[in-house]
Amino acid sequence: MDPQPTEVFDRTNIQQALLQAELARATGEVPVGAVILHRDGTVLARGQNRVIRDHDPSAHAEIVALRAAGQALGNYRLEGCTLYVTLEPCAMCAGAMIHARIARLVFGAFDPKAGAVVSVLQVLNHPRLNHQIELTGGVMAEQCGDQLRRFFQGRREART
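Predicted, not measured: the structure shown is a model, and the values here were computed from it. (Residues numbered from 1 in each chain as written. Predicted model: local features only at pLDDT ≥ 70, side-chain atom pairs only at ≥ 80, totals over all residues. Heavy atoms only, no water.)

Caption draft 1: Broad picture of the overall build of the protein. Along the backbone of the protein there are five helices and five strands. When the helices and strands of the protein are listed from N to C terminus, the series reads α-β-β-α-α-β-α-β-β-α. A globule of 160 residues ought to have a C-alpha radius of gyration of about 15 Å, and the protein, at 15 Å, matches this closely. Each principal axis of the C-alpha atoms in the protein carries an extent, and together these give about 50 × 35 × 30 Å. The buried share of the protein, reckoned over its 160 residues, is 44%. Within the protein, contacts between residues separated by at least 24 positions form 57% of all contacts whose residues are at least 6 apart in sequence. If you sum the accessible surface of the protein, you get close to 8,400 Å²; carbon and sulfur atoms cover 54% of it. Counting 17 positive and 16 negative side-chain charges, the protein places the averaged centre of each group 5 Å from the other. (Helix = DSSP H or I, 4+ residues; strand = E, 2+ residues; numbered from the N terminus. Rg over C-alpha atoms; globule rule 2.2 N^0.38 Å. Buried < 20%, exposed > 50% of the residue type's maximum accessible area, 1.4 Å probe, protein only. Contact = heavy atoms within 4.5 Å. Areas by Shrake-Rupley, 256 points an atom, 1.4 Å probe, with all protein chains shown as cover. Lys, Arg positive; Asp, Glu negative; His and termini not counted. Charge placed at Lys NZ, Arg CZ, Asp CG, Glu CD.)

Caption draft 2: Structural detail: the pattern of salt bridges. Per the stated rule, a full pass over the model turns up seven salt bridges. For the salt bridge of Glu22 with Arg25, the shortest nitrogen-to-oxygen distance reads 2.5 Å. Remark: Arg25 and Glu22 occur in helix H1 (residues 7-26); sequence separation between them is three residues, near one turn of the helix. Of the residues examined, Glu22 reaches a relative accessible area of 31% and is grouped as partly exposed. In this structure, Arg104 engages Glu134 in a salt bridge whose closest nitrogen and oxygen atoms are separated by 3.3 Å. With Arg104 in strand E4 (residues 104-109) and Glu134 in strand E5 (residues 134-136), this pair connects stretches of sequence that are 30 residues apart. For Arg104, a relative accessible area of 7% gives the class buried. (Salt bridge = Lys/Arg side-chain N within 4 Å of Asp/Glu carboxyl O.)

Caption draft 3: Broad picture of the nonpolar core. Among the nonpolar cores identified, the biggest contains 39 residues, and Ile36, Leu66, Met97, Ile102 and Leu105 are the most heavily contacted of them. At the level of elements, H1, strand E1 (33-37), strand E2 (43-48), helix H3 (61-73), strand E3 (82-87), helix H4 (91-100), E4 and helix H5 (141-159) are the ones that each hand at least two residues to this core. Beyond its immediate sequence surroundings of up to four residues, Leu66 is in contact with Ile36, Leu78, Leu83, Ala96, Met97, Ala100 and Ile102. (Core = buried A, V, L, I, M, F, W, Y, C linked by side-chain atoms within 4.5 Å.)

Caption draft 4: Summary view of the packing of H1 against H5. Where H1 contacts H5, the axes come no closer than 10 Å and their chain directions differ by 10°. By the angle class used here, H1 and H5 are roughly parallel. Of the residues in H5, those touching H1 at Arg11, Ile14, Leu18, Ala21, Glu22 and Arg25 are Gln143, Cys144, Gln147 and Phe151. Taken together, the residues of the contact of H1 with H5 break down into five nonpolar, two polar and three charged. (Axes fitted to C-alpha atoms, helices over the stretch in contact; angles between N-to-C directions. Parallel < 35°, antiparallel > 145°, perpendicular 65-115°, else oblique. Nonpolar A, V, L, I, M, F, W, Y, C, P; charged D, E, K, R; others polar.)

Caption draft 5: Representation of unusual backbone geometry in the model. Positive phi is not limited to glycine here, since Asn125 has a value of about 65°. Among the structural elements, Asn125 can be located in the loop between E4 and E5. Judged by relative accessible area, Asn125 falls into the partly exposed class, the value being 25%. Even without glycine at this site, Met140 takes up a positive phi of about 55°. Positionally, Met140 belongs in the loop between E5 and H5.

Caption draft 6: Focus on H4. Among the residues of H4, those classed as buried are Cys93, Ala94, Gly95, Met97, Ile98 and Ala100. Contacts from the buried residues of H4 go to H3, E3 and E4. Immediately beyond the C-terminal end of H4, within one or two residues, lies Arg101, with a positive phi of roughly 65°.

In structure tokens:
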């Protein structure tokens, strides 16, 4: 039986994604974290930005988590799964979620520069696509945004 998402449940899982983002920050990566839950509510995978560590422009937190979830299930289709991420996904990550058949996306901060869910582009849920994803944005947006602002403020201060 699929557990019904609730505001408390969503906040709990965004908090898990925030922990992944903090781990990324500790290594010098932009602090974005992701968690994927199976339809039964168990955590399938966690991801954090790894673009610098892996020398891989595609190693965004969502992609890292999608790859791990696919391995955990033994299938590239992640039907019935929910992806929680601290920042609104970019176009690459949104496209990967469509191909993976993610059922639901929950994200924290909106991304006014590169967000491809609602802010800049609307890659998900185009009427001509054969897969639609349930969306919940802005969960713990202030905390998620603050984590990113502190990171970039620290980078600016280090340059001066």
